[in-house]
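# Structure assessment
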Amino acid sequence: MAGGPPHAVLSPAILEEYQRAGTALAARYPEIGAALEPVLTFLAQSATIVDASDLPNAISADPADDKFLACALATGARVIVRIVTRLIRIGVHRERQ
């Protein structure tokens, strides 16, 4: 999957988390709940879905974040787009090694 324009790559575990978070967000803010469903549908239909195996050992401070790293490793991705400072620290650590 290296090369070419950027595109979304997700695993079933990531899609499940997005759906769970979307449901929780919609319950708290009903006015935006209807807008979330088309976004999740678009992601599910347009992203490349990969079967990313669980990592053998937790890497991030929050093991729930490891699904994103596993997905990146499964595809050979060079970049992860996610705004979570815990993952940024992992990238910095990896660059220093």
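Residues numbered from 1 in each chain as written. Predicted model: local features only at pLDDT ≥ 70, side-chain atom pairs only at ≥ 80, totals over all residues. Heavy atoms only, no water.

Below, the discussion takes up the packing of helix α1 (residues 12-28) against helix α3 (residues 66-75). Where α1 contacts α3, the axes come no closer than 9 Å and their chain directions differ by 145 degrees. For the element pair α1 and α3, the recorded crossing hand is left-handed. On α3, the residues that touch Ala13, Ile14, Glu17 and Tyr18 of α1 are Lys67, Phe68 and Cys71. A per-class count over the contact of α1 with α3 returns five nonpolar, no polar and two charged. (Axes fitted to C-alpha atoms, helices over the stretch in contact; angles between N-to-C directions. Helix = DSSP H or I, 4+ residues; strand = E, 2+ residues; numbered from the N terminus. Left-handed = near helix turned anticlockwise from the far one by under 90°. Contact = heavy atoms within 4.5 Å. Nonpolar A, V, L, I, M, F, W, Y, C, P; charged D, E, K, R; others polar.)

Below, the discussion takes up the confidence of the model for the chain. Chain-level pLDDT for the chain is 78 on average; 79% of the residues reach the 70-or-more range. Mean pLDDT across the elements of the chain bottoms out in helix α4 (residues 85-96) (48) and peaks in strand β2 (residues 48-49) (90). (pLDDT = per-residue confidence, 0-100.)

The subject of this paragraph is the nonpolar core. If you look at the biggest cluster of nonpolar residues, it comprises 11 residues: Leu10, Ile14, Leu15, Ala47, Val50, Ala52, Leu55, Phe68, Leu69, Ala70 and Cys71. The set of elements that each furnish at least two residues to this core consists of α1 and α3. The element best represented in this core is α3, accounting for four residues. When near neighbours in sequence (up to four residues on either side) are disregarded, leucine 10 contacts Leu15, Tyr18, Leu43, Ala47, Thr48, Ile49, Val50 and Cys71. (Core = buried A, V, L, I, M, F, W, Y, C linked by side-chain atoms within 4.5 Å. Buried < 20%, exposed > 50% of the residue type's maximum accessible area, 1.4 Å probe, protein only.)

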